[in-house]
Amino acid sequence: MAEVIAVCVSDIKGVVKKPVDSIAVKINHGVVGDAHAADWTRQVSLLADESADKLKDRIDGIVPGVFAENILTRGIVLKTLPIGTKLRCGGALLEVTQIGKECHNDGCAIKRQTGECVMPHEGIFAIVLEDGEIKPGDSVEVL
């Protein structure tokens, strides 16, 4: 069963997100209290812990939020989900809108240190279809 490992937020863009006990997500907004919240196609960012594992042997400090993900999952290959896939994450319903993203400028600190970053290729983005709360331990279900 796929599950949420961590949920993270930051109130400033361009910094590592910090793990929190839970997040609230809202339609036409995204993660309440997160700097990236807006009425756009990348309201919520998700990354599989298995993707982060690829760099753990090459860099210290790979902790939830370091790739600026809002939701860290385990047990689901997020990067293979087609755009339009609906995900039940805890009490919320999300819809996948984008796979990967372009790196900022010369890349994040992880890319500068290791030569690669997993978020641009394996992270996904979603919009909120139903308001809800998401917390570690919640299931992630593909609908």
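Starting from 1, residues in each chain are numbered consecutively following that chain's sequence as written. Reporting of local features is limited, given that this is a predicted model, to residues whose pLDDT is at least 70; pairs of side-chain atoms are given and counted only at 80 or more, and all residues count toward the totals for whole chains, interfaces and linings. Only hydrogens and water are removed before side-chain values are computed, so all heavy atoms of the structure are retained for them.

For Asn28, which is not a glycine, the phi torsion comes out positive at approximately 60°. The secondary structure listing takes helices from DSSP runs of H or I that are at least 4 residues long and strands from runs of E that are at least 2 residues long, numbered from the N terminus. Following the sequence through the fold, Asn28 ends up in the loop between strand 3 (23-26) and strand 4 (30-31).

Turning to the pairing of strand 1 (residues 3-9), a few remarks are in order. Exposed residues in this analysis have more than 50% of their type's maximum accessible area, buried residues have under 20%, and partly exposed residues fall in between, with area computed by a 1.4 Å probe over protein chains only. Extensive coverage of strand 1 is indicated by the burial of five of its seven residues. Two strands are counted as paired when DSSP detects at least two bridges linking them. In terms of strand pairing, strand 1 meets strand 6 (residues 71-74) through four bridges, oriented antiparallel. When the sheet's bridge partners are listed, Ala6 is paired in strand 6 with Leu72. Where strand 1 and strand 2 (residues 18-20) come together, three bridges link them in antiparallel fashion. Counterpart to Val7 in the pairing with strand 2 is Val20.

The antiparallel open sheet is built from three strands, whose spatial order is 4-3-10. Lying at the two open borders of the sheet, with one neighbouring strand each, are strand 4 and strand 10 (132-134). Here strand 3 runs beside strand 10; their pairing, made up of three bridges, is antiparallel. Counted as the bridge partner of Ile23 is Ile134 from strand 10.

Further remarks concern the sheet that holds strand 8 (residues 92-99). Read from one edge to the other, the open sheet built from eight strands follows the order 2-1-6-5-9-8-7-11, with strand pairing classed as mixed. Two strands in the sheet have a free side with no partner beyond their single neighbour: strand 2 and strand 11 (140-142). Strand-to-strand twist in this sheet, taken as the mean axis angle between neighbours without regard to direction, amounts to 35°. With three bridges joining them, strand 5 (residues 44-48) and strand 9 (residues 124-130) adopt antiparallel strand pairing. Residue Val44 lies in a different strand from strand 9, and its bridge partner there is Ala126. To get an axis, a line is fitted to the C-alpha atoms, and for a helix only the part in contact is used. The angle between two axes follows their N-to-C directions and goes from 0 to 180 degrees.

Note that all results are geometric; they support no functional claim without further evidence.
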